[in-house]
Amino acid sequence: MQSVTITLDGRPRVVAEGTTAGEILAQDAIRAVAVRVNGTAKRDLTWSPADGDVVEVIPLASDEGRAILRHSTAHVMAQAVTDLFPAAKWASGPPIEHGFYYDFDVEHPFTPEDLQRIESRMRQIIAAKQSFARRVVSPDEAAALFADQPYKLDILARAVGGAAVTSEEAADAAPGDDEISVYDNAAGEQVAWSDLCRGPHVPSTADIPAFALMRTAAAYWRGEEHNPMLQRIYGTAWESRAALKAHLQFLAEAEARDHRRLGAELDLFSFPPEIGSGLAVWHPKGGAVRRVMEDYSRRMHEHAGYEFVVTPHLAKSTLFEISGHLQWYAEGMYPPMELDGGVRYYPKPMNCPFHILIYRSRGRSYRDLPLRLFEFGTVYRYERSGVVHGLTRARGFTQDDAHIFCTPEQLAGELTSLLAFVVQVLRDFGLTEFEAELATRPEKFVGELAQWEAAEAALRTAVEAAGVPYVVAAGEGAFYAPKVDLHVRDAIGRRWQLSTLQVDLQMPERFDMEYQSGDNTRQRPYMIHRALFGSEERFFAILLEHYAGALPPWLAPVQVRCIPIASRHGDYLRGIAARLRALGVRVEVDTSDERMQKKIRTAQRDKVPYMLIAGDQDIETGAVSFRYRTGEERRGVPIDDAIAEILHVIETRHIDAAPASSGSAEEGRGH
RNA sequence: GCCGGCGUGGCGCAAUCCGGCAGCGCAGCCGACUUGUAAUCGGCAGGUUCCCGGUUCGAAUCCGGGCGUCGGCUCCA
């Protein structure tokens, strides 16, 4: 038998010809789920390397390994569905972040009971240790095999035709390899199930250590609204039971942090149905936080050279005809109300046209520029009923909106200082991990190429200067503007889109904006759109989820709650509370007819940063005792020291109240 | 907008499958207790069972429509 020489994880290795990757790794006692060949193609462990191949191991507990595992689990699920619902047609079933799904065309949507049955059937298939065997077929063979599977035929037709294949289909067909492969699942000789698939797969269903079916949903075939709606089942699979358990705990953690739940629990805001879907009211405690956010934001903007403006909530159709919103964005707008004999007034979906009118209210000189206009502007957008989601996707919300008008020479400098400003403000709110996305010119665009290139270059300069890691999303810009979107990671590693900076190449034209230049010619200004929080509602929701409701002391709606040990200690604490209140601290004294332990429990539940407790011992020595919401406590602190400590943490915007951790930003923990 | 789930005092839930007196806990109010770091005890009050219509002797429960909400899809110039 001939031997071949391969490179295995960087080292030369001689093996007998025809030895499978799985056998080689077994000899070397290496555990893997699949291998990568020559840097790109991924292969099953049953594949045999040829002379000269560079082989790399893909461990199960890696992003790629888990994707393969999840993909295989999706196959097992589809097999189970086929067993239980023989009429089901299968569409596609790719791995996704944290799991997988598979879409089916079935007569009736799956019920929770169906899910349980599918799951038990899957356990049987896993117990049967079916092998995943790859075989290459011709297009005609494939078409014959899947003659009764219209969605597979559709995938085949596209793969064979060389048409663009979406990422979710890429897992199903094999256009990149110029060959079409089918995976047969078999226990012994009997093939139990076959699916069109490029692979790779785990060697056997027994190599699926832990999985769970999560939920059913519906999805359009190929994600297009006019296509048939399919029934989707989401599941997850992991390299071990422990990893699955950790994932389920992560989901529980996310649920406990849900801002909609915290909003109700902490009495921050609500969505009364009488007002309408997606329209929030802020309760006093939520209002207190919002006021602090706004006060802080105003102060920062004032220092950064912004001027404050106020504009109405409505405008005639004329304004939105000029801005182009009625042409491009009408579906996202609330419908108009007619008055004055047929004049149509629209609630505003954006603030920019109003700010432009302020710019245009008189002739502008280059000496006026850059002109930075800022407003907490409330806008209304008609979001389709299925997409409304708490404060993060509302129909009415307030943007911390600014528009900067500047000369072409000022553009790069403005963007650079602007992005630094944005990052600084977000850091003050305790957000520390940023990622930017530079969205560039799409295929369909307005304006001149040179302008686009100048704007994109300026944005790139700004992101690089800010030191924020970024990716270029080529062609993802709006048709009128390139932009930079800033994303943050929260305390449990989730990514949220926040701030947006756009260079508008359209509005200045539409409104025929001008300024008188130093050489006495009329020039068109550049215009930058910028929302820092995005919307106050959304930003507030992100903060709530990031902090799991335990807002830093400077933001907390109630900063201090005083708890008397017995009711006779109430007056003493009322005196301390009065001093704190006079210093601007939001403080309450719990004089309810409850035991002290119950009051602590309540304050703890309300996530109040400081509990100030006093009894006979404290009163004798003119002291007070701390309980922090972390559970730590400190007794007999002189009143002046206690007040100083509280004020210090508030003024310096430290993240948490407890002495040990004060000042340290919360560590992000990835997932 | 589309598919599916859900809607019962302020909140969390039970009774819904298989129609027959709407119940529990928390919160609220009243009273007692006066306590040193996460729930004191007793009492009282609170519901058009989301809305409209239908079936039925009888509807929280079954059927239709609407609204809201949850999970997805689509959308987020």
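Residues numbered from 1 in each chain as written. Chains lettered and ligands numbered in written order. Predicted model: local features only at pLDDT ≥ 70, side-chain atom pairs only at ≥ 80, totals over all residues. Heavy atoms only, no water.

### A short note on the protein's contact with RNA strand B
As a structural note, the neighbourhood of RNA strand B is formed by 49 residues, with Met350, Tyr480, Asp593, Arg601 and Gln617 the closest of them. One of the side-chain nitrogen or oxygen atoms of Tyr220 is found 2.5 Å away from a base nitrogen of RNA strand B. Tyr480 is positioned with one of its side-chain polar atoms (N or O) 2.3 Å from a base nitrogen of RNA strand B. Looking at which element gives the most residues to the surface near RNA strand B, the answer is helix α18 (residues 596-605), with 6 residues. (Near = heavy atom within 4 Å. Polar contact = N/O pair within 3.5 Å; in protein donor to acceptor, adjacent residues only side chain to side chain. Helix = DSSP H or I, 4+ residues; strand = E, 2+ residues; numbered from the N terminus.)

### A closer look at the sheet that holds strand β19 (residues 343-347)
Spatially, 3 strands are ordered β17-β19-β18 in an open sheet, and the strand pairing comes out antiparallel. Looking along the sheet, the strands with just one partner apiece sit at the ends: β17 (314-316) and β18 (337-339). With direction set aside, neighbouring strand axes in the sheet form an average angle of 35°. As paired strands, β17 and β19 are joined by 3 bridges and run antiparallel to one another. Looking at the pairing, Leu314 lines up with Pro347 of β19. (Pairing = 2+ DSSP bridges. Axes fitted to C-alpha atoms, helices over the stretch in contact; angles between N-to-C directions.)

### Considerations on the confidence of the model for chain A
In this model, chain A carries an average pLDDT of 90, and 95% of its residues clear a pLDDT of 70 or more. Segment residues 162-176: pLDDT under 50, and 33 contacts once partners within four positions in sequence are set aside and those in other chains are kept. Note that residues 660-671 has pLDDT below 50 and, in this model, 26 contacts with residues that lie over four places away or in other chains. (pLDDT = per-residue confidence, 0-100. Contact = heavy atoms within 4.5 Å.)

### Regarding the packing of helix α9 (residues 284-303) against helix α16 (residues 536-547)
Close contact between α9 and α16 brings their axes to 11 Å; oriented N to C, the two are set at 110°. Classified by the angle their axes make, α9 and α16 are roughly perpendicular. Contacts from Gly286, Val289, Arg290, Met293 and Glu294 of α9 reach α16 at Glu536, Glu537, Phe539 and Phe540. Residue composition of the contact of α9 with α16, grouped by class: 4 nonpolar, 1 polar and 4 charged. (Parallel < 35°, antiparallel > 145°, perpendicular 65-115°, else oblique. Nonpolar A, V, L, I, M, F, W, Y, C, P; charged D, E, K, R; others polar.)

### Here we look at the pattern of salt bridges
This structure, assessed with the given rule, holds 47 salt bridges. A salt bridge links Asp154 to Arg158, with the shortest nitrogen-to-oxygen separation between them at 3.9 Å. With Asp154 and Arg158 both in helix α5 (residues 150-161) and 4 residues apart, the pair spans about one turn of that helix. Given a relative accessible area of 25%, Asp154 falls into the partly exposed group. The exposure class assigned to Arg158 is partly exposed, which follows from its relative accessible area of 31%. Residues Arg635 and Glu633 are paired through a salt bridge, measuring 3.1 Å at the closest nitrogen-oxygen approach. (Salt bridge = Lys/Arg side-chain N within 4 Å of Asp/Glu carboxyl O. Buried < 20%, exposed > 50% of the residue type's maximum accessible area, 1.4 Å probe, protein only.)

### Considering the state of the cysteines
One pass over the structure, following the stated rule, counts 0 disulfides. Here Cys406 is not cross-linked by a disulfide; its sulfur's nearest cysteine counterpart is in Cys352, at 16 Å. Taking relative accessible area as the criterion, Cys406 reaches 0% and is therefore assigned buried. (Disulfide = S-S within 2.5 Å.)

### A word on the packing of aromatic side chains
Two aromatic rings, taken as a pair, are described by how far apart their centres are and by the angle between their planes. This structure, assessed with the given rule, holds 30 aromatic pairs. Each ring, one from Phe269 and one from Phe271, has its centre 6.1 Å from the other, and the planes form 80°; the classification is edge-to-face. You can call Phe271 partly exposed: its relative accessible area is 29%. Sitting above the plane of the Tyr101 ring, Arg232 keeps its charged end 3.5 Å from the centroid. Against the face of Tyr359 rests Arg364, its NZ or CZ located 5.5 Å from the ring centre. (Phe/Tyr/Trp six-rings, centres within 6.5 Å; stacked < 30°, edge-to-face > 60°. Lys NZ or Arg CZ within 6 Å of the ring centre and 35° of its normal.)

### Some thoughts on the environment of Val589
One can find Val589 in strand β30 (residues 587-589). In this structure the C-alpha to C-alpha distance between Val589 and Ile576, which are 13 residues apart in sequence, comes to 9.6 Å. Val589 has contacts with Cys562, Leu573, Arg574 and Ala577, leaving out every residue within four places of it along the chain.

### Focus: the domain arrangement of chain A
Assigned domains within chain A: domain 1 (3-58), domain 2 (63-249), domain 3 (269-313 + 348-547) and domain 4 (560-651). Using only C-alpha atoms to locate each centre, domain 1 and domain 3 end up separated by 52 Å. (Domains from an automatic or database assignment.)

### Brief notes about the sheet that holds strand β3 (residues 34-37)
Strands sit in the order β2-β1-β5-β3-β4 across an open sheet of 5 strands; the sheet is mixed. One side of each edge strand has no neighbouring strand; the edge strands of this open sheet are β2 (11-16) and β4 (41-43). Strand-to-strand twist of the sheet, defined as the mean angle between neighbouring strand axes without regard to direction, takes the value 35°. Pairing of β3 with β4 involves 3 bridges; the strand directions are antiparallel. The residue bridging Arg36 from the neighbouring strand is Lys42, located in β4. On top of the sheet, helix α2 (residues 63-84) reaches β3, β4 and β5 (54-58); it is set at about 75° to β5, its chief contact.

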